[in-house]
Amino acid sequence: DQPESLEWLPMSQPSRLDEDSMPKDRMALLADPELHDLLYVAGNAEALAWRVNVTTNTWTKMWDRPDVLDGSLPHADCRNYCWDSQSNRLLLVTDGGLFARERPREPGGRWISLNGDYSALELLSAHYDPHQDRYVMGAQDNCAIV
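Described below are features of the structure shown in this document. Quick caveat, the model's predicted, so the values are computed rather than measured.

1. Considerations on the pattern of salt bridges
Stage number 1. Using the criterion set out here, one finds eight salt bridges in the structure.
Stage number 2. A salt bridge links R89 to D84; the shortest N-O distance between them is 3.8 Å.
Stage number 3. Linked by salt bridges that have partners in common, D32, E34 and R105 make up one network.

2. A word on the packing of aromatic side chains
Stage number 1. Counted according to the given criterion, the structure contains four aromatic pairs.
Stage number 2. Each ring, one from Y40 and one from Y81, has its centre 6.3 Å from the other, and the planes form 65°; the classification is edge-to-face. Residue Y40 is located in strand 2 (residues 38–42), and its partner Y81 is located in strand 5 (residues 78–84); the two are separated by 41 residues in the primary sequence.
Stage number 3. Through a chain of ring-to-ring contacts, three or more aromatic side chains come together here, namely Y40, Y81 and W83.

3. A short note on the sheet that holds strand 2
Stage number 1. Strand order in the open sheet made by the four strands is 1-2-3-4, with antiparallel pairing throughout. In the strand order of this sheet, the two ends are held by strand 1 (28–31) and strand 4 (58–61), each with one partner. Taking each pair of neighbouring strands and ignoring which way they run, the sheet shows an average axis angle of 20°.
Stage number 2. In this structure, strand 1 lies alongside strand 2, joined through four bridges in antiparallel fashion. When the sheet's bridge partners are listed, L30 is paired in strand 2 with Y40.

4. Some points on the pairing of strand 2
Stage number 1. Burial of strand 2 is extensive: five of the five residues sit out of reach of the surface.
Stage number 2. Residues of strand 2 alternate between two faces, with L38, Y40 and A42 on one and L39 and V41 on the opposite face, all of them buried.
Stage number 3. Taking the residues between adjacent antiparallel strands as the criterion, strand 1 and strand 2 are bridged by six residues.
Stage number 4. Hairpin connection from strand 2 to strand 3 (residues 49–53): six residues lie between these consecutive antiparallel strands, with A45 at a positive phi of about 55°.

5. Points about the nonpolar core
Stage number 1. One finds Y40, W50, Y81, L90 and W111 to be the most contacted residues of the largest nonpolar core, which totals 23 residues.
Stage number 2. Where this core is concerned, the elements lending two or more residues are strand 1, strand 2, strand 3, strand 5 and strand 6 (89–94).
Stage number 3. Per-element accounting of this core gives the leading share, five residues, to strand 2.
Stage number 4. If we ignore the near neighbours within four places in the chain, the residues touching W111 are A49, M62, W63, V68, S72, L73, P74, L92, F99, A100 and R101.

Rules used in this analysis
Residues numbered from 1 in each chain as written. Predicted model: local features only at pLDDT ≥ 70, side-chain atom pairs only at ≥ 80, totals over all residues. Heavy atoms only, no water. Salt bridge = Lys/Arg side-chain N within 4 Å of Asp/Glu carboxyl O. Phe/Tyr/Trp six-rings, centres within 6.5 Å; stacked < 30°, edge-to-face > 60°. Helix = DSSP H or I, 4+ residues; strand = E, 2+ residues; numbered from the N terminus. Pairing = 2+ DSSP bridges. Axes fitted to C-alpha atoms, helices over the stretch in contact; angles between N-to-C directions. Buried < 20%, exposed > 50% of the residue type's maximum accessible area, 1.4 Å probe, protein only. Core = buried A, V, L, I, M, F, W, Y, C linked by side-chain atoms within 4.5 Å. Contact = heavy atoms within 4.5 Å.

Below you can see the structure in the form of C-alpha cells.
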C-alpha cells in the first residue's frame, strides 16, 4: 500500500515573521506532538510566538492578553522550539536563553525563564586597543564591554 499523497497548502499569516528585517535564522517551527492540527511558529520583534491551528488557519499570539494573563514573555529573537514531554511544556530557545510555555495548547498559560543564573551574551565584535591595553566588545541586545 502506498501512503496517502500529501501536498503543501499556502496559509495566510497575520504579520511578517521578520518584522525587524533581521536575517531569517531567527525563526522557529514545531508541530504539536499530540494535536495534529496545532503548529507553533516563532519569529522576532513583534512576531514573537504563535499557536496556529492549521485546519482553521487561526493564528493566536502566545505573548499577549488574553493568551498570557500575567504579561510574561520570552526574549524576542527566536531560534528553535522543542517539546518537554515530561511536563507538556513548549520550550523556546532565543538569543536571551531558554523559556518554557506552560499550557501552550490553550489560553491562560505563562512563559517561564529557565535561565537560572545563566547570563546570555551574544558578542558581535571584539577589538584589541593596544594604546589602552584592553579589549572592546560589542554585544547584540545587551551592551558594549570594555
